[in-house]
Amino acid sequence: MPRILLAGSDFRLLATRAAVLSKTGAAVVHGNTTETLNILDRDAFDLVVLCHSLPEPDVAVIVDKVHQKIPGAKILMVTSELDGYRMHADSKIDATSMPEPGHLVALAKELLQVTSYASHVGA
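A quick note: this is a predicted structure, and the numbers were derived from the prediction, not measured.

Student: Would you mind going over the side chain of R17 in detail, with residue names and values included?
Tutor: Position of R17 relative to the elements: it lies in helix 1 (residues 11-21). Those residues in contact with R17, other than ones at most four positions away along the chain, are L6, C51, V78, P99 and L104.

Right, dumping it as structure tokens:
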């Protein structure tokens, strides 16, 4: 079963977003920045989803740790509607999504398929 790690700073928003992402068929684990960094020390994930509620410095730390610990994982940044649909210039982030549930689930599924395909080809 694919695994998603969801990181953010608003617990209620994380719980809702985790429920939405569970529609991908993946197991979803979520936490704030500190919890996320601790989880990354113990576990591997296919997809890491970063919530717009994270401060930029926290995003950078998490992204660097994901690339260090799980090189094949994909990273998806959820942007707020207030930010608009902004593409991160950071090439370390694979995709960005608006928070709209249907779009988020579709993009997460797409990234999980890419990760699954890459792991089967590399096996």
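Student: Which residues make up the pattern of salt bridges, and what values do they have?
Tutor: Within the structure shown, the criterion is met by four salt bridges. Among the ionic pairs, K65 bridges to D41, the shortest N-O distance being 2.7 Å. Residue K65 is found in helix 3 (residues 56-69), and its partner D41 is found in helix 2 (residues 33-42); the two are separated by 24 residues along the sequence. Residue D41 is classed as partly exposed on the basis of its relative accessible area of 44%. A salt bridge links K69 to D41; its shortest N-O distance comes to 3.7 Å. With K69 in helix 3 and D41 in helix 2, this residue pair connects regions lying 28 residues apart in the sequence.

Student: Give me the environment of N32: which residues, what numbers.
Tutor: Inspection of the secondary structure assignment puts N32 in the loop between strand 2 (27-31) and helix 2. Here the alpha-carbon distance between N32 and L54, two residues 22 residues apart in the chain, equals 8.3 Å. Beyond its immediate sequence surroundings of up to four residues, N32 is in contact with G8 and L14.

Student: Give me the lowdown on helix 3, citing residues and values where you can.
Tutor: Each α-helix winds once per 3.6 residues, and so residues spaced three or four apart point in a common direction. With 14 residues, helix 3 extends 20 Å from end C-alpha to end C-alpha; this agrees with the ideal 20 Å at 1.5 Å per step. Residues V59, I62, V63, K65 and V66 constitute the buried set of helix 3. Along the long axis of helix 3, the arc covered by the buried residues comes to 165 degrees, so they all point the same way. Seen from the open side of helix 3, the exposed residues pointing more than 90 degrees away from its buried face are P57 and Q68.

Student: Any chance you could break down the sheet that holds strand 4 (residues 74-78) for me, citing the residues and the numbers?
Tutor: With parallel pairing, the five strands of this open sheet are ordered in space as 2-1-3-4-5. Here the strands that pair on one side only, and so sit at the sheet edges, are strand 2 and strand 5 (95-97). Sheet twist, expressed as the average angle between the axes of neighbouring strands with direction ignored, equals 25 degrees. The sheet contact formed by strand 3 (residues 47-50) and strand 4 spans four bridges and is parallel. Residue V48 lies in a different strand from strand 4, and its bridge partner there is I75. Contacts between helix 2 and the sheet are confined to strand 1 (3-7) and strand 2, with strand 1 contributing the most and set at about 150 degrees to the helix. Its contacts with the sheet put helix 3 on strand 1, strand 3 and strand 4, and the angle it makes with strand 3 is roughly 175 degrees.

Student: Which residues make up helix 1, and what values go with them?
Tutor: Within the sequence span of helix 1, burial applies to L14, R17, A18, V20 and L21. Angularly, the buried residues of helix 1 cover 155 degrees about the axis, an arc narrow enough to put them on a single face. Its side-chain oxygen 3.1 Å from the backbone nitrogen of R12, D10 forms the N-cap of helix 1.

Criteria and cut-off values
Residues numbered from 1 in each chain as written. Predicted model: local features only at pLDDT ≥ 70, side-chain atom pairs only at ≥ 80, totals over all residues. Heavy atoms only, no water. Helix = DSSP H or I, 4+ residues; strand = E, 2+ residues; numbered from the N terminus. Contact = heavy atoms within 4.5 Å. Salt bridge = Lys/Arg side-chain N within 4 Å of Asp/Glu carboxyl O. Buried < 20%, exposed > 50% of the residue type's maximum accessible area, 1.4 Å probe, protein only. Expected span 1.5 Å × (residues − 1). Arc of directions from axis to C-beta. Pairing = 2+ DSSP bridges. Axes fitted to C-alpha atoms, helices over the stretch in contact; angles between N-to-C directions. Polar contact = N/O pair within 3.5 Å; in protein donor to acceptor, adjacent residues only side chain to side chain.

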